[in-house]
Amino acid sequence: MTVAQYAALGETEDGYTELVNGRLIMSPSAIPEHNMAHLKLAVQLLNQIPDDLEVVQDTDVDLELAQPDRPGYVRRPDLIVVKRSGLKRRQADGGLIRAAEVVLAVEVMSPSSRNTDYRAKRDEYAWAGIPFYWIIDLDEPISLAPMHLAGAFGYQEGPAETRIYEATEPFPLKIQVDRLIG
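Parameters and conventions
- Residues numbered from 1 in each chain as written.
- Predicted model: local features only at pLDDT ≥ 70, side-chain atom pairs only at ≥ 80, totals over all residues.
- Heavy atoms only, no water.
- Helix = DSSP H or I, 4+ residues; strand = E, 2+ residues; numbered from the N terminus.
- Rg over C-alpha atoms; globule rule 2.2 N^0.38 Å.
- Contact = heavy atoms within 4.5 Å.
- Lys, Arg positive; Asp, Glu negative; His and termini not counted.
- Charge placed at Lys NZ, Arg CZ, Asp CG, Glu CD.
- Core = buried A, V, L, I, M, F, W, Y, C linked by side-chain atoms within 4.5 Å.
- Buried < 20%, exposed > 50% of the residue type's maximum accessible area, 1.4 Å probe, protein only.
- Pairing = 2+ DSSP bridges.
- Axes fitted to C-alpha atoms, helices over the stretch in contact; angles between N-to-C directions.
- Patch = residues over 30% accessible without salt bridge, like charges linked within 9 Å, V, L, I, M, F, W, Y side chains within 5 Å.
- Areas by Shrake-Rupley, 256 points an atom, 1.4 Å probe, with all protein chains shown as cover.
- Salt bridge = Lys/Arg side-chain N within 4 Å of Asp/Glu carboxyl O.
- Phe/Tyr/Trp six-rings, centres within 6.5 Å; stacked < 30°, edge-to-face > 60°.

## A word on the overall build of the chain
Phase 1: Helix and strand counts for the chain come out as 4 helices and 13 strands.
Phase 2: Since a compact globule built from 182 residues should have a radius of gyration of about 16 Å, the 16 Å found for the chain is in line with a globular shape.
Phase 3: Counting only C-alpha atoms, the chain reaches 45 × 35 × 30 Å along its principal axes.
Phase 4: Nonlocal contacts in the chain, meaning residues at least 24 apart in sequence, comprise 55% of its contacts between residues at least 6 apart.
Phase 5: Once the 18 positive and 28 negative side-chain charges of the chain are each reduced to a mean point, those two points are 2 Å apart.

This is the structure:
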C-alpha cells in the first residue's frame, strides 16, 4: 500500500493503524497511564514551544521513506512537535504531516511496544530525518530518554532523566518527568 492509499482509508474504528513498508499494522488501544503521560507532556510543552511550532497528539506522519508509487511508511507517534507551516500546508493541500515538518517525535512505551519504539521507530524516524526523538518509559521510575540526530550514526541517546529534563534544543525547555503519571 502506498502512503496515498493509506491516507485514503481515513480513520479506523478498531484501534489504530500504521503503515510499515506498505503493510498495515494494527495496535491495541493504549492503557490509561500511557494516555495520561502524553497528555501531561503535551501540556508542559505547550507552555514552552516557540510560536512557529505546535504540539499534536496521535496523528499520522508520512516518513517519506519511499517514492509516492511504492509501498510506504506512516507512523503515528504519541506526540509530535511540528512546524505550523506544515499544519497549514496539510490544511491547504490535504494529505498527512510530513517527516520534514516534524521537529520532535515522542513515543510513550507500552509493554507491547518496547521493541518497536526502541528499535524500529528509532531507525525509521532517524532515516526520515526527524531531528529529535524522545522515548518515555512508564516503568518505575518513569524516565525520558532524549535522542538527537547525529549524522550517519542515526540518533545519539542522552542519559535518561527521571526527575527533570532540561534542554536548549530543539528549543529551551524543562520537562518535569516525574509528574507525567500519578
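From this point, the discussion proceeds with the structure in view.
## A look at the nonpolar core
The nonpolar side chains of a soluble globular protein tend to be buried with one another.
Phase 1: Counting 27 residues, the largest nonpolar core has Leu41, Leu45, Val81, Trp134, Ile136 and Ile175 as its most contacted members.
Phase 2: Listed by contribution, the elements that provide at least two residues to this core are α2 (32-46), β3 (53-57), β6 (79-83), β8 (102-108), β9 (132-137), β12 (164-167) and β13 (173-176).
Phase 3: One finds Val20, Val61, Ile97 and Ala105 within the second-largest nonpolar core, a separate group that totals 22 residues.

## Quick word on the sheet that holds β9
Phase 1: Read across the open sheet, the 6 strands follow the order β3-β6-β8-β9-β10-β11; overall the sheet is mixed. Only two strands of the sheet have a single partner each, and these edge strands are β3 and β11 (155-157). Direction aside, neighbouring strands of the sheet carry axes that sit 20° apart on average.
Phase 2: In the sheet, β8 pairs with β9 via 5 bridges, with the strands oriented parallel. Note on β9: the bridge partner recorded for Leu104 is Phe132.
Phase 3: Running at roughly 85° to β6, helix α3 (residues 84-93) makes contact with β3 and β6 of the sheet.
Phase 4: Packed onto the sheet, helix α4 (residues 114-128) meets β8, β9, β10 (143-149) and β11 and runs at close to 175° relative to β9.

## Re the environment of Ala37
Phase 1: Mapped onto the elements, Ala37 comes out in helix α2.
Phase 2: On the accessibility criterion, Ala37 (1% relative accessible area) is buried.
Phase 3: Along the chain, Ala37 and Thr168 lie 131 residues apart, while their C-alpha atoms are 22 Å from each other.
Phase 4: Not counting the four nearest positions on each side in its chain, Ala37 is found in contact with Val108, Leu138, Leu180 and Ile181.

## Let's talk about a nonpolar patch on the surface
Phase 1: Together, Met1, Leu9 and Leu24 give the surface a local cluster of nonpolar side chains, amounting to about 240 Å² of exposed area.
Phase 2: Note that Met1 resides in the segment before α1 (3-8).
Phase 3: Assessed through its relative accessible area of 33%, Met1 is described here as partly exposed.

## Thoughts on the packing of aromatic side chains
Phase 1: Throughout the structure, instances matching the rule amount to 3 aromatic pairs.
Phase 2: With a centroid separation of 5.7 Å and 35° between ring planes, the pair formed by Tyr133 and Tyr155 is classed as tilted. Of this pair, Tyr133 sits in strand β9 while Tyr155 is found in strand β11, placing the two residues 22 residues apart along the sequence. With respect to class, Tyr133 is no different from Tyr155; both count as buried.
Phase 3: Their ring planes at 80° and their centres at 5.4 Å tell us that Trp134 and Tyr165 sit as a pair that is edge-to-face. Of the two residues, Trp134 is situated in strand β9 and Tyr165 in strand β12; the sequence distance between them amounts to 31 residues.

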